[in-house]
Amino acid sequence: MGHRKERNLLKKMGERRVLEQAAHDAYAALDDKSVWYAKAFKEHEQESIDKVQAMILANKYPAKEYRPRKHMAEHKEREIFPLPFEPWSILFHAAKIVLEPIAERVLITDSSAGRQGKGQTFGALRTKRMLRRHKECTHFVKSDLRKFYPSIPHDVVTEALEWVIDDKDFIGFIKATMLDYESNVEDLLQEEKQRKMRYCRWASKEQPTRDFTGSKRGVTIGNPCSQIIGNIVLARVLHTFKEKHMIKCLHQHCDDNLMLATSQEEGERYLTLWDAAMNELGLCVKASSFVAPIRNVTRFIDGRAIDYLGYTFSRCRRAPAQCHMRMRKRNKQKFARAMARVKSRKRRRELMAAYWGIAKWGNCRNLWRTITKDRKMSFASQGFKPRNVTKDGKRVFNLPTKHVYDIVNIPIRVLDFEAGIKTKQGEDRYVVTIEETQSGEQCKFITNCYEIKDQLNQVREAEAHSRDAGLPIDTVIRRRSLGDGKCSYYFE
C-alpha cells in the first residue's frame, strides 16, 4: 500500500494553536475539575502552555515514574498508569492531535477504536451490514489478543511509526516519553502460546521470522496515544488481509477481530492466517478464539449469536434487514439493576440517556419499554423472593450462562448439574455448573450432548456407591468432529 510519509511532526506539536487545543482537550478529559491541579492549571494556563512548548522546542522532558492503578471496566480488571496532568497530559494530547490524521490515512474502513466518528456504534452497524449483504457467510471467526497493549514490542512500535512518519525527532519523542515503560508479560504470553499449540487445531505451526523473546514490550493503557499507536501497528496486517487474502467481511475493534466465513474450514483457515500474522508482530492470539456457525432463527440453525461491540447479532427474516441486533445481556442486566436501584430523578434521566444511545440502534424497543416503565410494587421489598426451583422441582442455578463453545479447551472444574431440564430447544437437557480454573469465574452451560450426559450419569452412579467419588472434578471439554459440519463434545 502506497502512502505519503508525514514530516516535521515535532514542529507541528510545538505550534501554539496545537498546544492550546491539547490543553483544552486534556482539561476536558478530567472527570473531576475541582481537584487542586486542575484549578492551578486554569489559574496559570498560559504559563503552563509556555513550559510545555519550551520542552518540545528543546526536545528535553522530565523523568517520570509509572505507578499502576487497578481499574474495573466491562467486568475486567485493568492496570492503568495515570501520569501527572502537567506536562504529560498536555504533551500526549498534542501528540494525539498530529497523529490522528496520519492514522486515518492508513487505516482500513472497518476499524473502529480511537477514531473520530468511528466508534462502537459505527462498528456495530458495519457488522450488521456485513451480515445483511453476505448471506453466503454462515460462520464467524472471533479472536482476541492476549494483553494487547502491554505485549506490543517496542521495536514493532518504532517500525510501525517509521512506516507512516519520516521524522526522527518525533519518533525520538515517542521513545523518550512512551516507550520508556516496560511491562512484564513474557511469561503470560508463553503460557498462552503453549495452551494454544496444545489445544487449538487452528494454531499456526509456521515459525515467525523474528524472535521477540526478551524484547522490551508495552504501551501504557490510559495514554491518549495508545489506541492510535495500536491501530497503526495492526494497520499493515489488516491491509494484507483485505487486499491479498481478499477477506471481505472483516472488522477490527482495538484487539478484537471479527471475520465472516462460508464454512467451518474456511473460518479456521482465516484464524490460522491471523495467528501467523500476529506471531510476526510478537503478539499472541488467545486460545479462546473460535469459529462457530451464526445463529439463524429462520433456518432453525441453533448456532451462536455474535457477541461483539456491546450487541449480539443473529439472523432472522422477520427482523429489520434480516438481522437481529440486540443489547448484550450483561449491559441489559446492568441497566435494569441500576434503574431499579436509583431513586434520584436526575440520575435516572442520566442513566436513560446513556443507555438510550445503545438501545436505539438495536432491536431493543420492547426491552426499553420493559425496563423504563414505572413499577409501583417491588416483590423483593415485600419479602417475596424466588426459591430457586422450577414448578417441577428442578434446581435453578443463578449463574451466567455460557455456550459450550466458550469453554472448549479451557481447564474447568465441574461443580454440579441438574438433569431432565426442558428448554425452548427441547427436553431432557442437562444444566452443568462449572468454575474456570484460572480465573475462578463460575458459570453454567446447557447441553444435550449424549457423551457429556452419559459421563455425568456415571458420576451420579459413582456418588451413590461411594462418598469419596463424584463432583467436583477437574477436567477439560474437548470437541470431536462428526463430519458434514456436525460435532460432539465430551469431558476429557
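Residues numbered from 1 in each chain as written. Predicted model: local features only at pLDDT ≥ 70, side-chain atom pairs only at ≥ 80, totals over all residues. Heavy atoms only, no water.

Before going further, it helps to examine the pattern of salt bridges. Counting across every chain of the model gives 34 salt bridges. For R105, the salt bridge is made with E6, and the minimal N-O distance between the two is 3.0 Å. Of this pair, R105 sits in helix α5 (residues 85-106) while E6 sits in the segment before α1 (9-13), placing them 99 residues apart in sequence. Connected via shared salt-bridge partners are R395, D416, E418, R460 and E463. (Salt bridge = Lys/Arg side-chain N within 4 Å of Asp/Glu carboxyl O. Helix = DSSP H or I, 4+ residues; strand = E, 2+ residues; numbered from the N terminus.)

Among the surface-exposed residues, R295, R326, K329, K332 and K424 lie close enough to one another that they form a single positively charged patch. Within the element layout of this structure, K424 appears in the loop between β10 (412-423) and β11 (426-436). Given the relative accessible area of 78%, K424 is considered exposed. (Patch = residues over 30% accessible without salt bridge, like charges linked within 9 Å, V, L, I, M, F, W, Y side chains within 5 Å. Areas by Shrake-Rupley, 256 points an atom, 1.4 Å probe, with all protein chains shown as cover. Lys, Arg positive; Asp, Glu negative; His and termini not counted. Charge placed at Lys NZ, Arg CZ, Asp CG, Glu CD. Buried < 20%, exposed > 50% of the residue type's maximum accessible area, 1.4 Å probe, protein only.)

Here we come to the packing of α5 against helix α9 (residues 168-177). One way to put it is that α5 packs onto α9 with a least axis distance of 12 Å and a crossing angle of 140°. Put simply, α5 runs oblique to α9. The element α5 and its partner α9 pack so that their crossing is left-handed. Here W88, L91, F92, A95, V98 and L99 of α5 come into contact with α9, specifically with F170, F173 and T177. (Axes fitted to C-alpha atoms, helices over the stretch in contact; angles between N-to-C directions. Parallel < 35°, antiparallel > 145°, perpendicular 65-115°, else oblique. Left-handed = near helix turned anticlockwise from the far one by under 90°. Contact = heavy atoms within 4.5 Å.)

Turning to the pairing of β11, a few remarks are in order. For β11, the tally of buried residues reaches eight of 11 residues, placing the bulk of the element in the interior. In terms of strand pairing, β10 meets β11 through eight bridges, oriented antiparallel. Residue R413 lies in a different strand from β11, and its bridge partner there is E435. Connecting the antiparallel pair β10 and β11 is a turn made up of two residues. One ladder, built from six bridges, connects β11 with strand β12 (residues 442-447); its direction is antiparallel. Bridging across to β12, E435 finds its partner in Q442. Following β11, the chain reverses through five residues before pairing antiparallel with β12; G440 in that reversal takes a positive phi of roughly 75°. (Pairing = 2+ DSSP bridges.)

One number sums up the size of the second largest pocket: a volume of about 840 Å³. The dominant element in the lining of the second largest pocket, judged by the number of residues it contributes, is α5, at six residues. Taken together, the residues of the lining of the second largest pocket break down into 17 nonpolar, five polar and four charged. (1 Å grid on protein atoms, 1.4 Å probe; cavity = no way out; pocket = protein on both sides within 12 Å on 5 of 7 lines; lining within 4 Å. Points joined across faces, edges and corners; volume = space filled by probe spheres on them. Nonpolar A, V, L, I, M, F, W, Y, C, P; charged D, E, K, R; others polar.)

The next point concerns the sheet that holds strand β8 (residues 311-314). The three strands are arranged β7-β8-β9 in an open sheet whose pairing can be described as antiparallel. Looking at strand neighbours, the two that pair on one side only are β7 (306-308) and β9 (324-327), the edges of this open sheet. Going from strand to strand, the sheet's axes swing by 25° on average, the running direction of each strand aside. For β8 and β9, the ladder comprises four bridges, and the chain directions are antiparallel. Within β9, the position partnered with S314 by the bridge is H324. Lying over the sheet, helix α6 (residues 120-133) contacts β7, β8 and β9, oriented at roughly 5° with respect to β8.

On to the packing of aromatic side chains, then. Counted under the stated rule, the structure contains 17 aromatic pairs. Geometrically, the ring pair formed by F335 and Y355 is stacked, given 4.4 Å between the ring centres and 15° between the ring planes. Of the two residues, F335 sits in helix α13 (residues 329-341) while Y355 sits in helix α14 (residues 345-359), which places them 20 residues apart along the sequence. Across the pair, exposure class does not vary: F335 and Y355 are buried alike. Where F335 meets W368, the ring centres are 5.5 Å apart and the plane angle is 25°; that geometry is what we call stacked. Separated by 33 residues along the polypeptide, F335 in helix α13 and W368 in helix α15 (residues 365-372) bring together distant segments of the chain. Look at W368 and you get buried, because its relative accessible area is 15%. Site record: aromatic cluster; members linked through ring pairs are Y27, W36, Y37, F41 and F85. (Phe/Tyr/Trp six-rings, centres within 6.5 Å; stacked < 30°, edge-to-face > 60°.)

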